[in-house]
Amino acid sequence: MKRINTIKRYLYLNIYAFLLLAAGGCIGCLAVWRISLWLIIPQAIIALTCFHNAMRILSTWNDKKRKYALLMQRNANGIRPDTFTDYMQAPCGRVLAKIVLKDLGCPERYMELKKLRKPLHQRISCKPTKTVVYINNEI
């Protein structure tokens, strides 16, 4: 069985965090003060938001390892698309799904899983969602 705990996998699974870090750095280096000093405030807000979200993504590494093990376990005897539904709603989850499918030896099934993505207006919802936690198959 493949391992997720490698430098290559860490970099791949956190690619969106590194993109945000690069974007925040580029935005922070812009010389907007030449245009107007007031532009420094939105520039700082945008750059700090990029850095904050990048750190949030990087801090989920242990959770990603746990989810990888869970997906590998659930799909060891055959691919069950329903186990990937939640992961297909976010970019980081889709990257994790690609790695799991590759390690299970069927990366071609990703196109089948891509159909599980909900439309954007359903994924971006401000409504609270009900969360149910199952412990040993009990609610």
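Before reading on, note that the structure itself is shown above.
What counts and how
- The residue numbering used here restarts from 1 in each chain and proceeds along that chain's sequence as written.
- Where local features are concerned, this predicted model is filtered to residues with pLDDT of at least 70; where side-chain atom pairs are given and counted, the filter is 80 or more; whole-chain, interface and lining totals use all residues.
- To obtain the side-chain values, all non-hydrogen atoms of the structure were used and water was disregarded.
- For helices the rule is a DSSP run of H or I covering at least 4 residues; for strands it is a run of E covering at least 2, with both sets numbered from the N terminus onward.
- Residue contacts are counted whenever heavy atoms from the two residues lie within 4.5 Å of one another.
- The Shrake-Rupley method, run with a 1.4 Å probe sphere, supplies the accessible areas, and residue values consider only the shown protein chains as cover.
- The rule is short: rings of Phe, Tyr and Trp, with Trp giving its six-membered ring, pair when the centres are within 6.5 Å, and they are stacked under 30 degrees, edge-to-face over 60, tilted in between.
- Throughout this description, buried means an accessible area under 20% of the type-specific maximum (1.4 Å probe, protein chains only), exposed means over 50%, and partly exposed covers the range between.
- The criterion is that NZ of a Lys, or CZ of an Arg, lies within 6 Å of the ring centre and within 35 degrees of the ring normal, and then a charge sits over that ring.
- Axis angles are defined between N-to-C directions and span 0 to 180 degrees, where every axis is a line fitted to C-alpha atoms and, for a helix, only to the segment in contact.
- Roughly parallel means an angle under 35 degrees; roughly antiparallel, over 145; roughly perpendicular, 65 to 115; everything else is oblique.
- Note on convention: near helix rotated counterclockwise from far helix by under a right angle means a left-handed crossing. Clockwise means right-handed.
- Residues are sorted three ways: Asp, Glu, Lys and Arg are charged, Ala, Val, Leu, Ile, Met, Phe, Trp, Tyr, Cys and Pro are nonpolar, and all the rest, Gly among them, are polar.
- Pairing of N or O atoms within 3.5 Å defines a polar contact, subject to two protein rules: one partner must be a possible hydrogen donor and the other a possible acceptor, and residues neighboring in sequence count only if both atoms are side-chain atoms.
- Patches draw on residues past 30% relative accessible area with no salt bridge. Two like charges within 9 Å are joined, as are two nonpolar side chains (Val, Leu, Ile, Met, Phe, Trp, Tyr) within 5 Å.
- One side-chain nitrogen of Lys or Arg within 4 Å of one carboxyl oxygen of Asp or Glu is enough to make a salt bridge.

**Q** So what exactly am I meant to see when it comes to the overall build of the protein chain here?
**A** Check the secondary structure of the protein chain and you find seven helices and zero strands. Taken from the N to the C terminus, the helices and strands of the protein chain come in the order α-α-α-α-α-α-α. C-alpha extents for the protein chain along the principal axes are approximately 60 × 35 × 30 Å. The contacts in the protein chain between residues at least 6 apart in sequence include a share of 63% that link residues at least 24 apart. Of the accessible surface of the protein chain, which amounts to about 10200 Å², a share of 62% is contributed by carbon and sulfur atoms.

**Q** Honestly, the packing of aromatic side chains in this entry has me stumped. Any pointers?
**A** The description of an aromatic ring pair rests on the distance of the ring centres and on the angle between the ring planes. Counted under the stated rule, the structure contains two aromatic pairs. Arranged with centres 6.5 Å apart and planes meeting at 65 degrees, the rings of Y10 and F18 form a pair that is edge-to-face. For Y10, a relative accessible area of 28% puts it in the partly exposed group. Taking the centre distance of 4.9 Å and the plane angle of 80 degrees together, the rings of Y10 and W61 count as edge-to-face. One end of the pair, Y10, is in helix α1 (residues 7-13); the other, W61, is in helix α4 (residues 61-74), and 51 residues separate them in sequence. Ring pairs connect the aromatic residues Y10, F18 and W61, which therefore count as one cluster. Here K98 stacks its cationic end above the ring of Y110, 5.0 Å away from the centre of that ring.

**Q** For this particular structure, what's the right way to read the packing of helix α2 (residues 15-29) against helix α3 (residues 40-58)?
**A** Geometrically, a packed helix pair is captured by the angle between its two axes and the distance between the axes. Contact geometry for α2 and α3: axes closest at 8 Å, N-to-C directions at 160 degrees. Between α2 and α3, the interaxial angle falls into the category roughly antiparallel. As α2 packs across α3, the resulting crossing turns out to be left-handed. Contact with α2, carried on its side by Y16, A17, F18, L20, L21, A23, G24, G25, I27, G28 and C29, involves Q43, I46, A47, C50, F51, N53, A54, M55, I57 and L58 of α3 and no other residues of that element. Residues that form the contact of α2 with α3 fall into these classes: 16 nonpolar, five polar and no charged.

**Q** Quick question: what am I supposed to make of the side chain of Q89 here?
**A** Accessibility expressed as a relative area gives 18% for Q89, which makes it buried. Separated by 3.1 Å, the side chain of Q89 and the backbone oxygen of L116 make a polar contact.

**Q** Can you help me understand a nonpolar patch on the surface in this one?
**A** A cluster of nonpolar side chains, contributed by I15, Y16 and L19, occupies part of the molecular surface with about 260 Å² of accessible area. Mapped onto the elements, Y16 comes out in helix α2.

**Q** What am I meant to see in the pattern of salt bridges here?
**A** Oppositely charged side chains can pair when the atoms bearing their charge come close. Considering all chains together, one arrives at five salt bridges under this definition. Between R66 and D63 there is a salt bridge; the shortest N-O distance is 2.5 Å. Of this pair, R66 and D63 both sit in helix α4, three residues apart, which is roughly one turn of the helix. Its salt-bridge partner being D63, residue K67 comes within 3.0 Å of it at the nearest N-O pair. With K67 and D63 both in helix α4, this residue pair falls four residues apart, about one helical turn. According to the relative accessible area criterion, D63 is partly exposed, its value standing at 27%. Counted as one network, the salt bridges with shared partners bring together D63, R66 and K67.

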